[in-house]
Amino acid sequence: MAHETVTGDAFENLLRENRQFAPSPEFAAAANVHEGIYAEANADPEAFWAAQARERLTWSKDFTQTLDWSEPPFAKWFVGGEVNAAYNALDRHVENGLGDRVAIHFEGEPGDTETITYADLTERVKRAANAFESLGVAKGDRVAVYLPMIPEAVVTMLACARIGAIHSVVFGGFSSEALRSRIDDAEAKLVVTADGTYRRGKPSPLKPAVDEALAEDGHTVQHVVVVRRNGQDVAWTEGRDLAWSEVMAAASPEHTAVGHDAEHPLFILYTSGTTGKPKGILHTTGGYLTQTAFTHSAVFDLKPETDVYWCTADIGWVTGHSYVTYAPLVNGATQVMYEGTPDSPHQGRWWEIVQKYKVSILYTAPTAIRTMMKWGSDIPAKYDLSSIRVLGSVGEPINPEAWMWYREMIGGNGGRREERAPIVDTWWQTETGAIMIAPLPGVTATKPGSAQVPLPGIAVDVVDEAGQPVPDGHGGFLVIRKPWPAMLRTIWGDPQRFKDTYWSRFDGMYFAGDGAKKDDDGDIWLLGRVDDVMNVSGHRLSTTEIESALVSHPWVAEAAVVGAADETTGQAVVAFVILRGEASIPEGEDPAAVLRAHVGHEIGPIAKPRHILVVPELPKTRSGKIMRRLLKDVAEGRDPGDATTLADPTVMHKIAQDLRK
Ligand code: 6R9
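Because the structure is predicted, anything quoted here is derived from the model rather than measured. (Residues numbered from 1 in each chain as written. Predicted model: local features only at pLDDT ≥ 70, side-chain atom pairs only at ≥ 80, totals over all residues. Heavy atoms only, no water.)

Turning next to the pattern of salt bridges. Following the criterion strictly, the structure yields 38 salt bridges and no others. In this structure, Arg-229 engages Asp-112 in a salt bridge whose closest nitrogen and oxygen atoms are separated by 2.7 Å. Within this pair, whereas Arg-229 is found in the loop between β11 (223–227) and β12 (241–243), its partner Asp-112 is found in the loop between β4 (102–107) and β5 (113–117), the two being separated by 117 residues in sequence. Residues Arg-240 and Asp-241 are paired through a salt bridge, measuring 2.7 Å at the closest nitrogen-oxygen approach. Judged by relative accessible area, which is 12%, Arg-240 ranks as buried. It is possible to trace a salt-bridge network through shared partners that takes in Glu-107, Arg-349, Glu-352 and Lys-356. (Salt bridge = Lys/Arg side-chain N within 4 Å of Asp/Glu carboxyl O. Helix = DSSP H or I, 4+ residues; strand = E, 2+ residues; numbered from the N terminus. Buried < 20%, exposed > 50% of the residue type's maximum accessible area, 1.4 Å probe, protein only.)

Written out as structure tokens, the structure reads:
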């Protein structure tokens with residue numbers, strides 16, 4: 001794995017950022033957690049997590065051992081315990097008299113709405129659990145979920161969890177190819193999808209991608225359950241395809257949840273790694289639920305009786321799993337779920353939703369904040385955002401300008417309100433399952449641009465190449481020193497890759513793949529990936545995966561992909577390709593446009609390179625490695641500088657010349 005330098009000019013500027021915002025005394029006094037929690041948790045992390053597990057979850061059988069770390073890096077948390085995720089998210093709230101509390105305020109893109117109480121949601125999940133069982137889905141079976149942001153997505157995930165089936169949600173923006181490879185890797189028995197959704201006022205299809213994915217034989221799928229959402233006509237395979245409405249109507253609304261082992265797999269979620277093939281990150285039940293529920297309460301200061309929480313993430317990403325489906329419901333929260341794009345039918349849609357539902361906790365991504373900044377402050381200023389009291393950020397480092405705008409315009413109700421809502425910048429990963437580094441809103445004096453402090457009971461450090469902790473004021477690699485409850489347990493079907501990817505770089509430590517720096521106060525600043533993973537709008541994309549997609553096209557001889565800094569999306573995909581000499585490109589055809597579409601088809605629209613540059617050669621070292629650093633310089637408009645380690649030092653010159661043409 002190539003490690004690039006982890007500091008640059010932009011980061012040096014960032015580290016000169018020295019503003020700090022202490023919590024107000026009123027907020028601090030009423031906060032869910034206080035300063036003392038760090039000392040308590042860090043004195044005995046296992047005891048702390050055991051207490052959290054028992055306090056936040058209802059176990060059908062208590063655990064006998066908190067952590068079994070006898071075979072590192074394979075952890076077992078809450079050994080011997082039994083717990084049902086769906087029971088914890090649903091039934092117990094109804095049993096506790098909270099059946100009438102709103103679980104989900106659903107807002108469809110076209111403006112249709114649905115108010116779903118805990119009692120409603122429980123009944124829907126029970127029906128879905130029965131329905132899936134009647135289709136032959138049993139404990140341990142895998143179910144692929146390819147759905148838009150509609151309540152049925154949450155229902156499907158929880159119904160799987162209820163019966164012990166393992167869901168594998170595939171983001172609706174991924175292509176049929178990507179869907180098929182994920183179905184095959186997990187050997188999914190059932191696919192749950194929808195006819196489609198809406199995107200900027202227009203119907204946007206999903207089902208055709210499922211049909212395409214399953215067109216070729218050799219897959220394991222027996223049934224496809226199809227939710228009617230946008231009413232578009234879809235092809236129907238008799239015997240295989242079933243209408244959601246019919247299957248649910250036929251299913252009984254009675255279903256008793258049984259406890260599953262704490263280490264029973266809950267879900268697989270595929271994420272990009274440094275090599276081409278996506279990794280199926282496996283999460284299990286007890287530890288995952290404990291840490292997601294704890295962090296959701298402590299980091300967002302959730303008051304389930306009064307707060308209205310809104311996480312804008314799609315369920316296709318881990319944020320949608322942990323902080324839409326699981327933690328908020330386990331904590332009995334009322335949340336908003338929005339189907340569509342932020343600019344449909346107008347650029348104030350999000351703020352209109354905040355005003356309408358009196359959203360008090362908003363959790364979103366820097367790329368969205370920067371986009372809204374670009375659209376103009378006058379847009380949020382038109383709405384009453386006075387209900388907001390906590391703001392969250394996730395997915396990539398948030399630059400101080402965007403942080404300040406978020407604070408003033410959103411957290412300060414367009415600057416009209418004296419008190420600003422605290423911002424919690426939360427660092428975590430698909431692999432960590434739950435938030436790992438974040439300020440606590442009633443405790444930490446926040447710093448724009450820094451995620452700052454490891455959570456209570458979490459052992460994060462920044463180390464140098466040799467694995468030694470760096471002193472304050474220095475940068476290095478972010479590691480996690482001790483197992484944590486929501487950690488991934490393995491890579492589906494590939495335990496060796498799990499070891500190699502995360503546990504081999506530094507002895508006995510989990511290597512996250514991120515660069516980081518400790519400031520003079522010991523606070524942590526994330527500096528982006530140090531491996532071949534790009535971060536585009538908070539979505540992880542692998543350079544290798546896009547390169548493989550490009551070279552799978554008959555015109556392409558070789559390809560190199562880099563992530564270039566981008567003001568709005570954090571990074572943008574830039575591809576350099578060498579065309580085959582014998583490629584017969586039809587007259588009038590633009591190879592760049594054809595190849596962009598090809599990547600979209602192979603992986604999905606999010607992976608389409610912003611720019612494709614056709615070049616005569618690629619810069620390579622004498623050992624044949626493509627020097628992406630140099631390409632990145634070109635892509636970001638810098639002089640590539642030192643190219644002396646290249647096998648052919650004139651290559652960069654040729655590329656530069658070519659680009660000027
Ligand atoms: C939750 C999620 C993980 C990668 C991670 C890092 C980046 C996420 C961040 C952040 C700086 C933050 N990242 N949150 N970087 N500050 N607050 O995003 O999971 O999709 O797996 O991405 O995202 O580089 O390694 P995932």
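What follows covers the side chain of Glu-431. Tracing the backbone through its elements, the reader meets Glu-431 in the loop between β20 (423–426) and β21 (460–463). Residue classification places Glu-431 among the buried residues on the basis of a relative accessible area of 1%. A polar contact is formed between the side chain of Glu-431 and the side chain of Arg-540, at a distance of 2.9 Å. Beyond its immediate chain neighbours, meaning those up to four positions away, Glu-431 contacts Thr-271, Lys-279, Ile-281, His-283, Trp-484, Ala-486, Met-487, Leu-488, Tyr-502, Tyr-510 and Arg-540. (Polar contact = N/O pair within 3.5 Å; in protein donor to acceptor, adjacent residues only side chain to side chain. Contact = heavy atoms within 4.5 Å.)

Attention shifts here to the site of the ligand. The environment of the ligand is formed by 17 residues, the closest being Asp-425, Thr-426, Thr-430, Asp-514 and Arg-540. Within the side chain of Gln-429, an N or O atom sits 2.9 Å from an oxygen atom of the ligand. Contact with the protein chains removes 97% of the 530 Å² of surface that the ligand exposes when unbound. Secondary structure elements with two or more residues in the shell around the ligand: α12 (318–330), β20 and β25 (524–529). By residue class, the composition of the shell around the ligand is six nonpolar, six polar and five charged. (Near = heavy atom within 4 Å. Areas by Shrake-Rupley, 256 points an atom, 1.4 Å probe, with all protein chains shown as cover. Nonpolar A, V, L, I, M, F, W, Y, C, P; charged D, E, K, R; others polar.)

Once that is clear, we can look at the packing of aromatic side chains. Under the criterion given, the structure shown has 32 aromatic pairs. Taking 5.7 Å as the distance between ring centres and 85° as the angle between the ring planes, the aromatic pair formed by Tyr-288 and Tyr-326 counts as edge-to-face. One end of the pair, Tyr-288, is in helix α11 (residues 286–300); the other, Tyr-326, is in helix α12, with 38 residues separating them in the sequence. Look at Tyr-326 and you get buried, because its relative accessible area is 0%. (Phe/Tyr/Trp six-rings, centres within 6.5 Å; stacked < 30°, edge-to-face > 60°.)

The next point concerns the nonpolar core. In globular proteins that are soluble, nonpolar side chains generally tend to be buried together. Counting residues in hydrophobic clusters, the biggest one holds 158 residues, and the most contacted among them are Phe-132, Tyr-323, Tyr-326, Leu-478, Ile-546 and Leu-550. Looking at which element gives the most residues to this core, the answer is helix α7 (residues 151–163), with nine residues. Per-domain counts for this core show at least three residues from each of domain 1 (427–490 + 508–529) and domain 2 (537–659). For Ile-546, the residues in contact, after removing those within four places along its chain, are Met-534, Leu-541, Val-561, Val-573, Val-599, Ile-603, Ala-607 and Pro-609. Ala-368, Leu-385, Tyr-406 and Ala-421 belong to the second-largest nonpolar core, a separate cluster that totals 30 residues. (Core = buried A, V, L, I, M, F, W, Y, C linked by side-chain atoms within 4.5 Å. Domains from an automatic or database assignment.)

Here we come to the sheet that holds β11. The mixed open sheet is built from eight strands, whose spatial order is β12-β11-β8-β6-β7-β14-β15-β23. Edge strands, defined here as strands with exactly one partner in the open sheet, are β12 and β23 (490–491). Pairing analysis gives six bridges linking strand β14 (residues 265–271) to strand β15 (residues 279–284), with the strands arranged antiparallel. Counted as the bridge partner of Ile-268 is Leu-282 from β15. (Pairing = 2+ DSSP bridges.)

Bringing the environment of Ser-537 into the picture now. Tracing the chain through its elements places Ser-537 in the loop between β26 (533–536) and β27 (539–542). Since its relative accessible area comes to 22%, Ser-537 is described here as partly exposed. Note: C-alpha distance between Ser-537 and Thr-569 (32 residues apart in sequence) is 4.4 Å.

Where helix α5 (residues 85–98) contacts helix α6 (residues 118–134), the axes come no closer than 9 Å and their chain directions differ by 140°. Comparing their axes, α6 and α5 come out oblique. Where α5 crosses over α6, the handedness of that crossing is left-handed. Across from Ala-89, Leu-90, Asp-91, His-93, Val-94 and Leu-98 in α5, the residues of α6 making contact are Tyr-118, Ala-119, Leu-121, Thr-122, Val-125 and Lys-126. By residue class, the composition of the contact of α5 with α6 is eight nonpolar, two polar and two charged. (Axes fitted to C-alpha atoms, helices over the stretch in contact; angles between N-to-C directions. Parallel < 35°, antiparallel > 145°, perpendicular 65-115°, else oblique. Left-handed = near helix turned anticlockwise from the far one by under 90°.)

Time to look at unusual backbone geometry. The omega torsion across Pro-72 and Pro-73 is 0°, close enough to zero to call that bond cis. One can find Pro-73 in the loop between β1 (65–71) and β2 (74–79). The omega torsion of the bond from Ser-344 to Pro-345 falls at 0°, within 30 degrees of zero and hence cis. For Pro-345, the location among the structural elements is in the loop between β17 (334–338) and α13 (349–357). For Asn-413, which is not glycine, the phi torsion reads 50° and is therefore positive. In this structure, Asn-413 sits in the loop between α16 (400–410) and β20.

Moving on: the side chain of Thr-367. Looking at where Thr-367 falls in the secondary structure, it is placed in helix α14 (residues 366–375). Taking relative accessible area as the criterion, Thr-367 reaches 11% and is therefore assigned buried. A polar side-chain atom of Thr-367 sits 3.0 Å from the main-chain carbonyl oxygen of Thr-568. Discounting chain neighbours no more than four positions away, the residues touching Thr-367 are Glu-396, Ser-537, Gly-538, Thr-568 and Thr-569.

Burial analysis of strand β19 (residues 390–394) places five of its five residues in the buried class, which makes it a mostly covered element. Side chains Val-390, Gly-392 and Val-394 project from β19 onto one buried face, and the interleaved Leu-391 and Ser-393 project onto a second face that is buried too. With four bridges joining them, strand β18 (residues 361–364) and β19 adopt parallel strand pairing. Its bridge partner lying in β19, Tyr-363 is registered against Gly-392. Tracing the backbone out of β19, into α16 and back to the parallel element β20 gives a crossover that is right-handed. (Right-handed = clockwise from strand over helix to strand, strands pointing away.)

With that settled, the discussion passes to the confidence of the model for the protein chain. Scored by pLDDT, the protein chain has a mean of 93; 95% of the residues are at 70 or more. Here helix α1 (residues 9–14) stands out as the least confident element of the protein chain, with mean pLDDT 58; α7 is the most confident, with 99. A low-confidence stretch, residues 1–8 (pLDDT under 50), is modelled with 20 contacts involving residues beyond four sequence positions or located in other chains. The complex prediction reports pTM at 0.90, with the ipTM value standing at 1.00. (pLDDT = per-residue confidence, 0-100.)

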